[in-house]
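# Architecture at a glance
Given next are the chains, with one letter for each unit.
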Amino acid sequence: AEELERTTLFNGEQIQDGATALLYFRNISGDTLKEAIKLSLDMAQAWNTDVASAAQMLGRALSDPEEGINRLEGKVGELSFAEKELIKQFVATNDIAAAQKVI
């Protein structure tokens, strides 16, 4: 949080609130979790919302990548057909982490 606080508009408490919101989703971890925290900050700034709300939205999308992308498309743009198919393939082989990276 301290490192991100120096490079973003958000304070440490706001960043920690976002990280806590993401920790609720048990299948988001490691590098994906770190990247999701950073993306939550970008989303919060772009959508003029708080970090925790952005993190919850992103967490829901990442927790169920195949369905979750539909929730985000209206706000972040549409994935290509190939990207959607790739997510489906990763989910079908239970490689959720790889599907999350596509998102």
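What counts and how
Residues numbered from 1 in each chain as written. Predicted model: local features only at pLDDT ≥ 70, side-chain atom pairs only at ≥ 80, totals over all residues. Heavy atoms only, no water. Salt bridge = Lys/Arg side-chain N within 4 Å of Asp/Glu carboxyl O. Buried < 20%, exposed > 50% of the residue type's maximum accessible area, 1.4 Å probe, protein only. Helix = DSSP H or I, 4+ residues; strand = E, 2+ residues; numbered from the N terminus.

Here the structure, examined in full by the defined rule, presents 2 salt bridges. Put simply, Glu-78 and Lys-84 hold a salt bridge, and the shortest N to O gap is 3.7 Å. Residue class for Glu-78 comes out exposed when judged on its relative accessible area of 67%. With relative accessibility at 24%, the residue Lys-84 sits in the partly exposed group. Glu-85 is the partner of Lys-88 in a salt bridge, and the nearest nitrogen-oxygen pair spans 3.6 Å. Of this pair, Lys-88 and Glu-85 both sit in helix α6 (residues 81-92), 3 residues apart, roughly one helical turn. Overall, Glu-85 belongs to the partly exposed group, its relative accessible area being 27%.

Here we come to unusual backbone geometry. With the exception of glycine, the majority of residues adopt a negative phi angle, and the majority of peptide bonds are in the trans configuration. One non-glycine residue, Asn-48, lies in positive phi territory at about 55°. With respect to the secondary-structure elements, Asn-48 resides in the loop between α3 (30-47) and α4 (51-63). Residue Asn-48 is classed as exposed on the basis of its relative accessible area, which comes to 74%. Backbone geometry at Asn-94 places phi at a positive 60°, although glycine is not the residue there. As for its placement among the helices and strands, Asn-94 is situated in the loop between α6 and α7 (96-102).

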